[in-house]
Amino acid sequence: MRGKQIILDRDLAQLYGVETKVLNQAVRRNIERFPESFMFKLYKEELKELVTICDRLISLKHSTVLPYAFTEQGVSMLSAVL
């Protein structure tokens, strides 16, 4: 997405053994540590594209909440705030 390799918030939450909601709360509490080069919220069109490409994301098809996408630097920063 946007020329970057990403991992979605829900996948990171699963890796860290926390709920996606908890992960996103930690990010919001430390938002100054996550510039756009570290993390960004997907646009609806980007989410549709991901769901079309990746069958395992079908549960996001009708989601009202757009997921966060983390770059490699964002994942590193996330490990520091969790």
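Everything quoted here is computed from the prediction, not taken from an experiment. (Residues numbered from 1 in each chain as written. Predicted model: local features only at pLDDT ≥ 70, side-chain atom pairs only at ≥ 80, totals over all residues. Heavy atoms only, no water.)

**Some remarks on the overall build of the protein**
Item 1. A tally of helices and strands in the protein yields 4 helices and 3 strands.
Item 2. Mapped in sequence order, the helices and strands of the protein form the string β-α-α-β-α-β-α.
Item 3. Here the C-alpha radius of gyration of the protein, 12 Å, is about what a compact globule of 82 residues would show, namely 12 Å.
Item 4. The C-alpha extent of the protein, read off along each of the three principal axes, is 30 × 25 × 20 Å.
Item 5. A burial count over the protein gives 35% of its 82 residues as buried. (Helix = DSSP H or I, 4+ residues; strand = E, 2+ residues; numbered from the N terminus. Rg over C-alpha atoms; globule rule 2.2 N^0.38 Å. Buried < 20%, exposed > 50% of the residue type's maximum accessible area, 1.4 Å probe, protein only.)

**Remarks on the packing of aromatic side chains**
Item 1. All told, the structure shown has 1 aromatic pair when counted by the stated rule.
Item 2. With centroids separated by 6.1 Å and ring planes inclined at 80 degrees, the aromatic side chains of Phe-34 and Phe-70 adopt a geometry described as edge-to-face. Pair noted here: Phe-34 is in the loop between helix H2 (20-29) and strand E2 (39-41) and Phe-70 is in strand E3 (residues 68-70), with a separation of 36 residues, a long-range link.
Item 3. Taking relative accessible area as the criterion, Phe-34 reaches 5% and is therefore assigned buried. (Phe/Tyr/Trp six-rings, centres within 6.5 Å; stacked < 30°, edge-to-face > 60°.)

**Overview of the pattern of salt bridges**
Item 1. As enumerated under the stated definition, the model contains 4 salt bridges in all.
Item 2. Across the pair Arg-2 and Glu-36 runs a salt bridge, and its minimum N-O distance is 3.6 Å. Separated by 34 residues along the polypeptide, Arg-2 in the segment before strand E1 (7-8) and Glu-36 in the loop between H2 and E2 bring together distant segments of the chain.
Item 3. Of the residues examined, Glu-36 reaches a relative accessible area of 54% and is grouped as exposed.
Item 4. For Arg-2, a relative accessible area of 32% translates into the label partly exposed.
Item 5. Residues participating in the shared-partner salt-bridge network are Arg-2, Glu-36 and Glu-46. (Salt bridge = Lys/Arg side-chain N within 4 Å of Asp/Glu carboxyl O.)

**Observations regarding the sheet that holds E2**
Item 1. Read across the sheet, 3 strands follow the order E1-E3-E2 without closing on themselves; strand pairing throughout is antiparallel. Single-partner strands in this sheet number two, and they are E1 and E2.
Item 2. With 2 bridges connecting them, E1 and E3 associate as antiparallel partners. Note that in E3 the partner of Ile-7 across the bridge is Phe-70. (Pairing = 2+ DSSP bridges.)

Shape descriptors only; they carry no functional weight alone.
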